[in-house]
Amino acid sequence: MNRAKFGASVMLLAMLALPPLARPQAVGDHQYTSEAIELGSRIYTSQCALCHGPQGALVDGIDLRLGIFRGVASDEDLRRVIAEGSGEGQMPATALGENEMEGIIAYIRAGFDPEGVAVRIGDAARGEELFYGRGGCADCHRVNGEGPRTAPDLSDIGAIRTPAVLQLNLLDPAAALMPINRAVRLVTFDEEVVSGRRLNEDTHTVQVLDSAERLRSFAKAELGSFEISREPSKPPIDMNEEEVADLVAFLLTLRGAL
């Protein structure tokens, strides 16, 4: 065996010797490993791309890369459709080993990006119960015209955010908070104190939704102080792994008028 082959073999053995928790990606335990995503990429190219297309959007009404399916929400739904087929035979059943099945689901959940992050998706119905119940999400967020405006409207969040971003927002809101949604505190020269959520800002003005849910615009020249909070308005969500996966599943169903 030459030196190059020997070195490659030693590296492979070293990787295989790593404990399972050393290799998954960064956020939480809801994710698939990088190895699973890469395996899924190869399987998709060889077995799925012919019908679904390289970007997963060749079948009418389905976009696998964007997570748009027919009657599929959870990872278990995907497993069933892949294993049993669907559409009265239009999609044939596919026999995959457990690692291969996990890989193809991981690749789909990573948005067809072999370097991406794939999040396990739970049960959307259970997630909806958590959203409107113990999770307390509906106390601040508005969905489809119902609820307060003190936090961002989530009516189309499933169409504009990936599963990884949704999970990060639940587990580490400080890392996921968009700058435009940060809490602000304004004090005018008339000594009016306004607290709320920043909606828009340019060189000369700032628009906020105040604590009474009123949209207000201020000229910066009229402000005595303008403070932008670096802290999120909510702590990390107090849920177990399965519940987080369920809540992510429900959020992915919120696609507005699509």
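Worth saying up front: this structure is predicted, and the values here are computed from it rather than measured.

Looking at the sheet that holds strand S5 (residues 223–228)
In any sheet, the strands associate via hydrogen bonds between backbone groups, in a parallel or an antiparallel arrangement. The strand order S4-S3-S2-S1-S5 describes an open sheet built from five strands, whose pairing is antiparallel. The sheet terminates laterally at strand S4 (215–219) and S5, the two strands that pair on one side only. On average, adjacent strands in this sheet sit at an angle of 40 degrees to one another, irrespective of strand direction. Bridging between strand S2 (residues 193–201) and strand S3 (residues 205–210) involves five bridges; their strand directions are antiparallel. Paired with Gly196 across the bridge in S3 is Asp210.

What about helix H4 (residues 98–109)?
Taking 1.5 Å per residue as the helical rise, H4 with its twelve residues ought to reach 16 Å, and the 16 Å between its terminal C-alpha atoms agrees with that figure. When H4 is considered as a whole, its buried residues turn out to be Met101, Gly103, Ile104, Ile105, Ala106, Tyr107, Ile108 and Arg109. Next to the buried residues of H4 lie helix H2 (34–52), helix H3 (75–84) and helix H7 (163–171). Phi for Gly111, located one or two positions after H4, is positive at around 70 degrees.

Brief notes about the confidence of the model for the protein
For any part of a model where pLDDT is low, the fine detail of the predicted coordinates should not be relied upon. Across the protein, pLDDT averages 82, with 88% of residues at or above 70. The secondary-structure element of the protein with the lowest mean pLDDT is helix H1 (residues 3–17), recorded at 36, while helix H5 (residues 124–132) shows the highest, at 95. In the model, residues 1–29 has pLDDT below 50 throughout and makes 19 contacts with residues more than four positions away in sequence or in other chains.

Topic: the packing of aromatic side chains
Aromatic rings in a pair are described by how distant their centres are and how their planes are angled relative to each other. A full pass over the atoms with the stated rule returns six aromatic pairs. Here Phe131 and Tyr132 contribute two aromatic rings whose centre-to-centre distance is 4.9 Å and whose plane-to-plane angle is 70 degrees, an arrangement assigned as edge-to-face. Arranged with centres 6.2 Å apart and planes meeting at 65 degrees, the rings of Tyr132 and Phe250 form a pair that is edge-to-face. Taken as a pair, Tyr132 in helix H5 and Phe250 in helix H9 (residues 241–252) lie far apart in primary sequence, 118 residues in all. Tyr132 sits in the partly exposed class, given a relative accessible area of 46%. Each member of the aromatic cluster is reached from another via a ring pair, and the members are Tyr44, Tyr107 and Phe112.

About the criteria used
Residues numbered from 1 in each chain as written. Predicted model: local features only at pLDDT ≥ 70, side-chain atom pairs only at ≥ 80, totals over all residues. Heavy atoms only, no water. Pairing = 2+ DSSP bridges. Helix = DSSP H or I, 4+ residues; strand = E, 2+ residues; numbered from the N terminus. Axes fitted to C-alpha atoms, helices over the stretch in contact; angles between N-to-C directions. Expected span 1.5 Å × (residues − 1). Buried < 20%, exposed > 50% of the residue type's maximum accessible area, 1.4 Å probe, protein only. Contact = heavy atoms within 4.5 Å. pLDDT = per-residue confidence, 0-100. Phe/Tyr/Trp six-rings, centres within 6.5 Å; stacked < 30°, edge-to-face > 60°.

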